[in-house]
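# Residue-level structural notes
Letter by letter, the chains look like this.
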Amino acid sequence: MRTLKNILVTGGAGFIGVNFIHTLLEKSLEFTGRIINLDALTYAGNAASLADIEKQFGGNPTDKTGLSKARYFFEHGDICDRAFVESVFAKYDIDTVVHFAAESHVDRSILGPEAFIKTNVMGTFTLLDVARNYWKNTDGTIRQDALFHHISTDEVYGSLGDTGYFTEGTPYDPRSPYSAGKASSDHLVMAYHHTYGLPATLSNCSNNYGPYQFPEKLIPLMILNMLEGKPLPVYGDGKNIRDWVYVEDHNRAVWAIMQHGVTGEKYNIGGENEWENIKLLDTLINIVSKKAGLDPAKVRGTIAYVKDRPGHDRRYAIDCSKIKRELGWKREVSFEEGLTRTVDWYLSNTEWINSIRSGEYQKWVERNYGKR
Ligand code: NAD
Ligand code: TYD
């Protein structure tokens, strides 16, 4: 088992990163080290999601008394800014990177691909290159007790027909600017491992859902639209299929790889839980209606079939037998349970939702950190 001391979490203020930090610090997953969250706080990042963590584990690294006890630090900045990334590595003596930071929404990548190439490709390259230099031994080799874990997506594999699954050996066939950028970053990670000996692991996960997800992705968007009586936009015929995994299950898999994964290996993570979008929506309508006292028939009446997303991948389905077999990971949260927890979270966190929807949060970021 690896001993991880100073973990740099990039994108730790985003959906999966926030959940990762909560899980790691609050659920006693055999971790006693420090977490350094480096995040640019784009529209998708929210420091307020970690206010409780900041309170319980936070500290000022320049404060001597804080330094000895604090286990959580926040660094605001861009992964493309090499000098800044280098300074963070040196300041905290980083030995582990878990790289979540990305532009992550396919629809946005279609409207404005440039930010995706900058962050997902150039940002990943910058992190890899800083790690390679920082972890260099005096003889030019790279220390092997460090780790760079890269978080990626099943979307790099392209689109499936009615049958078959993505395995770790499936050839890459990305079809959106988002997935093309992620595919490129995956190749860079493996290239740094093979060329320079960088100790790296990689995971490709299916669609996540759970608390703190920005309400532009299917599940939180639909929950909030239902609560606000807005139309529920279904792309195309609604029969595209995604394989859903609860965010905590994904993060436990990431942690298993970070502790026990073999460097140079990639691992698929999935929920073994395929749903047509329209059937998922039907289930979600039942849960939200029951909890919020809505009439499900009325809510169903607000479903609006809209123009399809260009290049919309038809089906994703992950074969995650490798991580189950080799690292003993398995999904723990059923879809029913995960959806219920997610709906409960969105029902009871109206302040979080209102601050990002009203634009108040971005104004707060600019006041505190300046414009990005
Ligand atoms: P998200 O969009 O919710 O969060 C991304 C975070 O990265 C935000 O906090 C944002 O501020 C930060 N960020 C963006 N650009 C940055 C930059 N240049 N420098 C520093 N920080 C920056 O994304 P997410 O859903 O939490 O996804 C996290 C990772 O998981 C991504 O790499 C994504 O590709 C991958 N992934 C996501 C899913 C999913 O269903 N959400 C599934 C598989 C893989
Ligand atoms: P999304 O949450 O954007 O994830 P991804 O595109 O990365 O899989 O979308 C999930 C599925 O839901 C995808 O097939 C597109 C579809 N979708 C809709 O039908 N309506 C919507 O408003 C959104 C956001 C997505």
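Above this text sits the structure in question.
Bear in mind that the values here come from a model prediction, so they are computed numbers and not experimental data. (Residues numbered from 1 in each chain as written. Chains lettered and ligands numbered in written order. Predicted model: local features only at pLDDT ≥ 70, side-chain atom pairs only at ≥ 80, totals over all residues. Heavy atoms only, no water.)

## Points about the site of ligand 1
- Lining the immediate environment of ligand 1, one finds 29 residues, of which Ile16, Asp39, Ser104, Tyr178 and Lys182 sit closest.
- Here an oxygen atom of ligand 1 sits 2.8 Å away from a polar atom, N or O, in the main chain of Ile16.
- Contact distances for ligand 1 include 2.9 Å between a nitrogen atom and a side-chain N or O atom of Asp78.
- Contact with the protein chains hides 97% of the accessible area of ligand 1, taken as 840 Å² for the molecule alone.
- When residues of the shell around ligand 1 are traced back to their parent elements, those giving at least two are helix H1 (15–26), strand S5 (147–153), helix H7 (177–196) and strand S7 (207–209).
- The dominant element in the shell around ligand 1, judged by the number of residues it contributes, is S5, at three residues.
- Grouping the constituent residues of the shell around ligand 1 by class yields 13 nonpolar, 12 polar and four charged. (Near = heavy atom within 4 Å. Polar contact = N/O pair within 3.5 Å; in protein donor to acceptor, adjacent residues only side chain to side chain. Areas by Shrake-Rupley, 256 points an atom, 1.4 Å probe, with all protein chains shown as cover. Helix = DSSP H or I, 4+ residues; strand = E, 2+ residues; numbered from the N terminus. Nonpolar A, V, L, I, M, F, W, Y, C, P; charged D, E, K, R; others polar.)

## A short note on the site of ligand 2
- Taken together, 17 residues sit near ligand 2, with Glu155, Pro233, Arg242, Arg309 and His312 positioned nearest.
- In the environment of ligand 2, an oxygen atom lies 2.5 Å from a nitrogen or oxygen atom belonging to the side chain of Glu155.
- Surface burial for ligand 2 is 96%, taken as the share of its 500 Å² of free accessible area covered by protein chains.
- With three residues, the top contributor of residues to the shell around ligand 2 is strand S8 (residues 232–235).
- Residues of the shell around ligand 2, tallied by class, amount to seven nonpolar, five polar and five charged.

## Some words on the pairing of strand S9 (residues 241–246)
- In terms of residue burial, S9 counts as a mostly covered element, since six of its six residues are buried.
- Of the two faces of S9, both are covered, the one formed by Ile241, Asp243 and Val245 as well as the one formed by Arg242, Trp244 and Tyr246.
- Sheet topology places S7 next to S9; three bridges connect them, and they run parallel. In the strand pairing of S9, Asn207 is matched with Trp244.
- Here S9 pairs with strand S11 (residues 274–276) via three bridges, running antiparallel. Each residue of the ladder has a partner; that of Asp243, found in S11, is Glu274. (Buried < 20%, exposed > 50% of the residue type's maximum accessible area, 1.4 Å probe, protein only. Pairing = 2+ DSSP bridges.)

## Things to note about the packing of aromatic side chains
- The tally for this structure, following the rule as stated, stands at 23 aromatic pairs.
- Consider the rings of Phe116 and Tyr178, whose centres lie 6.4 Å apart with planes at 80°: the pair is edge-to-face. Placement of Phe116 in helix H6 (residues 114–134) and of Tyr178 in helix H7 is noted, with a sequence separation of 62 residues between them. With respect to class, Phe116 is no different from Tyr178; both count as buried.
- Ring pairing ties together the aromatic residues Tyr209, Trp244, Tyr246, Trp275 and Phe335, which thus form one cluster.
- Above the ring of Tyr196, the side-chain terminus of Arg132 is found at 4.0 Å from the ring centroid.
- Geometry around Tyr267 places Lys322 over its ring, the cationic atom sitting 4.8 Å from the centre. (Phe/Tyr/Trp six-rings, centres within 6.5 Å; stacked < 30°, edge-to-face > 60°. Lys NZ or Arg CZ within 6 Å of the ring centre and 35° of its normal.)

## So, the sheet that holds S7
- Ordered in space as S7-S9-S11, the three strands form an open sheet in which the pairing is mixed. Looking along the sheet, the strands with just one partner apiece sit at the ends: S7 and S11. The sheet shows a mean angle of 50° between the axes of neighbouring strands, direction not considered. (Axes fitted to C-alpha atoms, helices over the stretch in contact; angles between N-to-C directions.)

## Some thoughts on helix H13 (residues 335–348)
- Taking 1.5 Å per residue as the helical rise, H13 with its 14 residues ought to reach 20 Å, and the 20 Å between its terminal C-alpha atoms agrees with that figure.
- Burial in H13 covers these residues: Phe335, Gly338, Leu339, Thr342, Val343, Trp345 and Tyr346. Buried residues of H13 fall within an arc of 160° about the axis and therefore sit on the same side. Residues of H13 that are exposed and angled more than 90 degrees away from the buried face: Glu336 and Ser348. (Expected span 1.5 Å × (residues − 1). Arc of directions from axis to C-beta.)

Function cannot be read off these values alone, since they describe shape.
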